[in-house]
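Here's the letter readout for the chains.
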Amino acid sequence: MTGVVVTGWSAVGPAGVGRAALADRLAGAQVAVPTTDGRTVLAEPAPATPVEVTTLVDEPLPTLTGHARVDFDVRAHLGRKGTSFYDRATALAVVACGDALRDAQADVNDTNRARLGVVLGTSLGSFRSTSGYTRDTLVQEKPYQVNPVLFPNTVMNCAAGQAAIRYGLRGVNATVATGPLAFLDALRYGSNAITCGYVDAMLVGAVEEFSPHRAWVTSLTGRPGQQVPTGEAATVFLLARTVRPDWTGPYPEAEILALTTAYGPGGGAAADRALTGCVRRAVRRAGVDPIEITAVLTGETEPDDTDEYVPACAALGHQPTRLRVSRLFGRCDAATGGLALATFLAAAPAEAAPTLTLLTARSPDGGTAAAIVRGWFGAGASGR
Amino acid sequence: MNRVVVTGLGPVSSIGIGVSAFTDGLRTGRSGISPISSFDASGFPHRNAGEVPDFQPERLLRRIDAARWGRSSQFAAAAARLALTDSGLDPAAVEADRVGAVVGTTSGESVVVEAVTAQQVEGGFDQMDPDLLGQITAGRLAHAVNTELELTGESLTLATACSASNYAIGYAYDMLATGEADVMFAGGADSVCRWAHAGFYRLGALTADACSPFDRDRSGILTGEGGAILMLENLDQARDRGARIYAEVLGYGLNCDANHPVAPDRTSIAECMRMAHRNASIKPEDVDYISAHGTGTPANDSVEAHAILDVFGDRVPPVSSIKSMIGHTMGAASGFGAIAGTLAIAHGFLPPTINWSNPDPALDRLDPVPNTARTAAVRVVQNNGFAFGGNNAIVLIGAVE
């Protein structure tokens with residue numbers, strides 16, 4: 001067991017800003033279903049309808065719709081000062097970090113800010129920012145006619161650095177860039193920083209922005225005949241030890257029981273074995289009976305897309321309910337795993353008993369990761 | 001807690017590929033700077049960089065097909081292959097799922113991003129090559145190492161900009177110290193690219209011909225590239241297999257300025273040094289040599305030097321910057337610094353700061369090991385790495401006691 005708990009969180013995406021917005025959307029989609037014996041289990045809902053996104057961009061798009069928050073305006077949340085040069089990924093992430101601290105009722109001040117850090121997951125930072133910068137070197141009259149103020153946006157740690165500036169987070173500040181694995185890798189990184197004693201608490205999250213660049217990647221690299229809408233989200237969770245300083249928040253609502261990762265060189269069957277091994281190790285470390293794991297949240301999309309579910313079930317020895325996060329929220333790359341955890345925490349009603357869930361992730365090259373989380377639903381939701 | 005040692009080194013650099021060529025480059029104060037050839041730099045006022053034109057991935061890589069991986073991934077995989085060879089480890093003798101890779105980077109697969117952007121400019125978004133789009137994600141840097149060496153353990157890319165290799169070494173140290181892994185390949189990789197060249201030029205941080213850290217007239221960085229990977233394992237295992245042990249990783253410190261996106265912060269950097277010393281259980285007077293971040297910009301070198309003076313008081317060890325030789329290799333920079341520091345301990349010499357002509361009166365207590373390598377007994381090295389976003393990371397490396 002990692003001995004690390006979640007004391008608050010936020011999701012910023014198509015549903016809006018904050019846990020309540022996501023919970024509302026999931027309630028409408030009937031993700032939590034009561035059973036005859038009085039428990040509540042997760043069920044896979046129908047995906048939300050993507051919205052028209054043409055007002056977000058000037059460039060041509062492969063499709064006119066996506067899972068984006070079209071009216072997101074960073075100034076409405078953070079004001080104008082310091083935000084004017086944020087790219088969209090940075091804006092989503094910084095808003096989510098602030099909202100997670102607020103949700104946790106964390107008291108960040110000069111006595112503890114060196115003990116609070118942040119780690120965010122990404123695929124390649126803002127593809128739009130880097131590609132746009134390169135574009136300027138090609139199309140401007142002189143190749144150096146780029147905007148120096150935007151240069152930091154081309155670096156992948158921009159969002160984490162800006163979150164630190166905005167909230168005065170002087171502890172470990174990191175960015176993990178492993179695409180579909182990035183959120184679970186960020187959880188591992190953040191939990192390690194806490195358990196090794198480098199910090200007392202970490203904001204752990206992942207972000208992807210909607211942009212024409214990502215929409216075209218989705219379109220050009222997706223499976224033929226199966227167009228998944230492009231999604232965007234930032235999800236951020238405040239993590240601290242089970243026994244922790246008061247300032248990190250009074251209400252633990254979930255415990256990260258185990259985090260594992262493995263690589264299957266070349267993908268395919270090697271990655272199947274890697275993921276099965278991950279889940280097996282996670283179950284062992286969590287010290288739980290696999291039958292108690294009633295839901296698996298994967299990054300999968302279509303019903304026949306089982307390259308996470310099948311290897312996971314092979315390790316669990318049964319077939320829990322599956323929620324395919326990319327089907328629910330569109331292709332969200334690095335943010336996928338964070339949406340999985342947010343869905344788990346937002347879905348169930350307050351009276352439900354503690355529940356175990358498994359989160360899985362897999363990258364095309366053969367990277368795999370798994371997490372087992374115990375949620376005490378409603379353990380702090382009231383009054384937030 | 002296991003003790004963690006360095007047993008393999010894999011530099012792919014502009015002053016040498018492989019540990020002996022790189023060591024020779026450091027000892028002789030070689031410059032790896034040359035006119036840019038990887039992109040058309042003719043429209044730029046400054047046209048030099050620390051490219052690695054001699055890098056022939058197919059000559060170093062055994063398993064991965066270079067055509068399917070971007071240049072930064074190739075650097076990472078080739079550097080890891082060199083580190084494994086250098087270590088003498090028989091991969092069959094360790095459990096593959098207890099062996100992993102952590103690779104730091106600033107710009108990831110920047111050359112691939114630039115290639116698809118050129119296609120986009122030329123023919124529109126729909127003309128971007130799907131195969132290249134499959135290569136743009138930064139996670140492939142670590143994945144390339146795992147694929148090349150058939151490692152089934154961790155595969156993590158850390159994108160904490162120009163201190164990323166120190167983050168990677170630090171995380172690998174934790175994985176080994178806590179027993180989560182038995183062997184880790186850690187370091188960084190980056191490639192010279194147009195956008196960084198343009199951005200640093202416009203920030204006023206790019207110099208023309210020669211990078212001269214800590215010189216009175218220093219005028220900026222030169223962009224550089226390469227792959228720098230160290231093979232780390234726990235001390236007991238290294239002794240059991242009779243490995244040649246270069247040095248020990250003593251610990252590391254990370255913090256964040258939380259102040260400005262690009263300007264370094266003296267107080268915060270000094271605090272990071274103290275934190276690293278505490279985590280490594282050493283005192284400032286134990287440090288024999290500082291492998292500086294030393295970018296060669298007026299601001300960085302001044303802030304870094306003053307932070308060093310704040311922490312070390314009246315006993316300041318020699319401080320040199322290998323960026324004078326290889327340029328600023330971005331995410332690989334502190335990996336090269338760690339390799340240089342390891343070699344300093346193993347061979348008893350201080351790598352020089354080349355291109356140094358005039359003392360900076362504001363830094364008169366600093367010894368930058370000017371121009372010529374120096375023989376010295378080195379027990380403990382402090383390897384500095386700082387970055388955009390205020391991401392400070394410092395690793396302490398020591399002789400094995």
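What counts, and at which threshold
- Counting restarts for each chain: residues are numbered from 1 in the order of the written sequence.
- Following the order in which they are written, the chains are lettered starting with A and the ligands numbered starting with 1.
- The model is predicted, so local features are restricted to residues of pLDDT at least 70 and side-chain atom pairs to those at 80 or more, both for listing and for counting; the totals for chains, interfaces and linings are taken over all residues.
- Strands are runs of DSSP state E lasting at least 2 residues, helices are runs of H or I lasting at least 4, and numbering of each runs from the N terminus.
- Buried residues are those with 20 or more other C-beta atoms within 10 Å of their own C-beta, exposed residues have 12 or fewer, and partly exposed residues lie in between; C-beta atoms are placed from the backbone.
- This entry defines residue contacts through backbone-placed C-beta atoms, with two residues in contact when those atoms are within 7 Å.
- Two strands qualify as a pair provided that DSSP identifies no fewer than 2 bridges between them.
- For the domains described, the bounds stem from an automatic or database domain assignment.
- Throughout, an axis means a line fitted to C-alpha atoms (over the contacting stretch in the case of helices), and angles, computed between N-to-C directions, take values from 0 to 180 degrees.
- Here the word oblique covers every angle except those under 35 degrees (roughly parallel), over 145 (roughly antiparallel) and from 65 to 115 (roughly perpendicular).
- Residues are sorted three ways: Asp, Glu, Lys and Arg are charged, Ala, Val, Leu, Ile, Met, Phe, Trp, Tyr, Cys and Pro are nonpolar, and all the rest, Gly among them, are polar.

Draft legend 1. Broad picture of the overall build of chain B. On a plain count of helices and strands, chain B comes out with 13 helices and 15 strands. When the backbone C-alpha atoms are referred to their principal axes, chain B occupies close to 60 × 55 × 40 Å. Counting over 401 residues, chain B shows a buried share of 67%. A separation threshold of at least 6 residues defines the contact pool for chain B, and within that pool the share at least 24 residues apart is 80%.

Draft legend 2. Quick peek at unusual backbone geometry. Of note, Glu150(B) is a non-glycine position whose phi angle comes to about 55°, a positive value. Its location among the elements puts Glu150(B) in the loop between helix H6 (140–149) and strand S6 (155–158).

Draft legend 3. Seen up close, the pairing of S6(B). Residue and element names in this part refer to chain B. Alternating positions in S6 separate into two faces, Ser155 and Thr157 on one and Leu156 and Leu158 on the other, with burial throughout. As paired strands, strand S5 (residues 99–104) and S6 are joined by four bridges and run parallel to one another. Residue pairing for S6: Val102 is matched across the bridge by Leu156.

Draft legend 4. Fine view of the domain arrangement of chain A. Residues and elements named next belong to chain A. Segmenting chain A into domains produces domain 1 (4–248) and domain 2 (254–375). Between the C-alpha centres of domain 1 and domain 2 there is a distance of 20 Å. Elements represented by at least two residues in the side of domain 1 that touches domain 2 include exactly strand S1 (4–13), helix H1 (19–28), strand S4 (40–42), helix H6 (182–195), strand S9 (201–208) and strand S10 (233–241). Broken down by element, the side of domain 1 that touches domain 2 gets its largest block of residues, seven residues, from H6.

Draft legend 5. Inspection of the packing of helix H7 (residues 164–177) of chain B against helix H13 (residues 333–347) of chain B at higher detail. Residue and element names in this part refer to chain B. Interhelical geometry of H7 versus H13 gives an angle of 60° and a closest axis separation of 5 Å. By the angle between their axes, H7 is oblique relative to H13. Of H13, the residues touching H7 (which contributes Ser165, Asn166 and Ile169) are Ala333, Ser334, Gly335 and Ala338. Taken together, the residues of the contact of H7 with H13 sort by class into three nonpolar, four polar and no charged.

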